[in-house]
Amino acid sequence: MTGSPDKDHKGDRDHQKKVMRALLSRHGQTYAAEAGITLKDTPQPLYRTLVLANLLSARIRASVAVTTARALYDAGLRDPRRMADATWQQRVDALGTGGYRRYDERTATQLGDAAQQLLDDCGGDLRRMRERADGDAEELRRLLRRTPGIGPTGADIFLREVQDVWPEYAPFLDAKTVQGAERLGLPKDPAALTRLAGDAPRSALAAALVRAALDRQVVEDCLARAA
């Protein structure tokens, strides 16, 4: 005899809660935090997160992008003025230190051009871009994509990471996060996902789901712990 539909549904819901708990507890670190960025609504951490979004959007391992973001910081390239004033070779060298060699020459150029553009357009302060977007995610995406090195993927990465300090854009769960949810057997609806996550930071939820989309071992780990 099979169980009743209500019991089956409750069982599915309980299993999803266990999967979500495992996901957040084991894999809920944001990429900004992994890169050593204490994200708050001030110019330097916001800029460093935009640089990280540029690095993560290339076809390269996320771990390499995170290590490279740290290397740029350690090299002193931590704000638009310092990035713009650095030589192209200094940027290439810092990227190489982080292991970002496949795209180092192109990215070094993009980082310099992007830094100068940010200085010219908003005084190097991304909060001015936030003000211009005025809560409109599509407008903010458009503004971000004007930045050299930031395409649709990079803009989405930036929004996923900053949504707790720019809460007018939360919850921001894009196609990559939904892909991770699907692999975990979780709802694909953003509202349902945020309910399952409870009071967890939305950026942590997004990062955890992205990790599941990118890494089969994350999925297997969470499902095993929820079994």
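Refer to the structure printed above.
Residues numbered from 1 in each chain as written. Predicted model: local features only at pLDDT ≥ 70, side-chain atom pairs only at ≥ 80, totals over all residues. Heavy atoms only, no water.

*Asks:* Would you mind going over unusual backbone geometry in detail, with residue names and values included?
*Replies:* Along the chain, A170 connects to P171 via a cis peptide bond; the corresponding omega equals -5 degrees. Within the secondary structure, P171 sits in the loop between α10 (152–162) and α11 (175–184). (Helix = DSSP H or I, 4+ residues; strand = E, 2+ residues; numbered from the N terminus.)

*Asks:* Explain the side chain of T107 to me, and be specific about the residues and the numbers.
*Replies:* Inspection of the secondary structure puts T107 in helix α7 (residues 104–122). If sequence neighbours within four positions are ignored, T107 has contacts with N54, L55, L95 and Y100. (Contact = heavy atoms within 4.5 Å.)

*Asks:* Run through the pattern of salt bridges, naming residues and quoting values.
*Replies:* Close approach of charged atoms allows side chains with opposite charge to pair. If you walk through the whole model with that rule in mind, you get 14 salt bridges. Of the charged contacts in the structure, one is a salt bridge between R211 and E34, with a shortest N-O distance of 3.1 Å. One end of the pair, R211, is in helix α13 (residues 202–214); the other, E34, is in helix α2 (residues 31–34), with 177 residues separating them in the sequence. Here E168 ties to R130 by a salt bridge, and the two come within 2.7 Å at their closest N and O atoms. Residue E168 is found in the loop between α10 and α11, and its partner R130 is found in helix α8 (residues 126–133); the two are separated by 38 residues along the sequence. (Salt bridge = Lys/Arg side-chain N within 4 Å of Asp/Glu carboxyl O.)

*Asks:* Kindly report on the packing of helix α12 (residues 190–197) against α13, identifying the contributing residues and their values.
*Replies:* Where α12 contacts α13, the axes come no closer than 11 Å and their chain directions differ by 110 degrees. Between α12 and α13, the interaxial angle falls into the category roughly perpendicular. Contact residues: L193, T194 and A197 in α12; R202, L205 and L209 in α13. (Axes fitted to C-alpha atoms, helices over the stretch in contact; angles between N-to-C directions. Parallel < 35°, antiparallel > 145°, perpendicular 65-115°, else oblique.)

*Asks:* Give a description of the packing of helix α9 (residues 137–145) against α10 that names residues and reports values.
*Replies:* Remark: α9 packs on α10, axes separated minimally by 9 Å, with the N-to-C direction vectors making an angle of 120 degrees. On the basis of the axis angle, α9 is oblique to α10. As for the relative orientation of α9 and α10, their crossing is right-handed in sense. Across the interface between the two elements, L140, R141, L144 and R145 of α9 pack against P152, A155, D156, F158 and L159 of α10. Across the contact of α9 with α10, the residue classes tally to six nonpolar, no polar and three charged. (Left-handed = near helix turned anticlockwise from the far one by under 90°. Nonpolar A, V, L, I, M, F, W, Y, C, P; charged D, E, K, R; others polar.)

*Asks:* Any chance you could break down the packing of aromatic side chains for me, citing the residues and the numbers?
*Replies:* Given two aromatic rings, their pairing is described by the distance between the two centres and the angle made by the two planes. Within the structure shown, the criterion is met by two aromatic pairs. Where Y100 meets Y103, the ring centres are 6.4 Å apart and the plane angle is 50 degrees; that geometry is what we call tilted. Comparing Y100 with Y103, the two get one shared label, buried. Taking 5.7 Å as the distance between ring centres and 75 degrees as the angle between the ring planes, the aromatic pair formed by F158 and W166 counts as edge-to-face. By relative accessible area, F158 is classed as buried at 0%. Looking at R78, its charged tip hangs above the ring of Y73, at a distance of 3.9 Å from the centre. (Phe/Tyr/Trp six-rings, centres within 6.5 Å; stacked < 30°, edge-to-face > 60°. Buried < 20%, exposed > 50% of the residue type's maximum accessible area, 1.4 Å probe, protein only. Lys NZ or Arg CZ within 6 Å of the ring centre and 35° of its normal.)

*Asks:* Break down the layout of surface pockets for me, with residues and values.
*Replies:* What the largest pocket holds in volume is close to 340 Å³. As for the largest pocket, its lining consists of 17 residues, of which L56, T153, I157, K176 and L214 are closest to the centre. Contributing elements (two or more residues each) for the lining of the largest pocket: α10 and α13. Looking at the lining of the largest pocket, the element that brings in the most residues is α10, giving five residues. Taken together, the residues that form the lining of the largest pocket break down as nine nonpolar, two polar and six charged. (1 Å grid on protein atoms, 1.4 Å probe; cavity = no way out; pocket = protein on both sides within 12 Å on 5 of 7 lines; lining within 4 Å. Points joined across faces, edges and corners; volume = space filled by probe spheres on them.)

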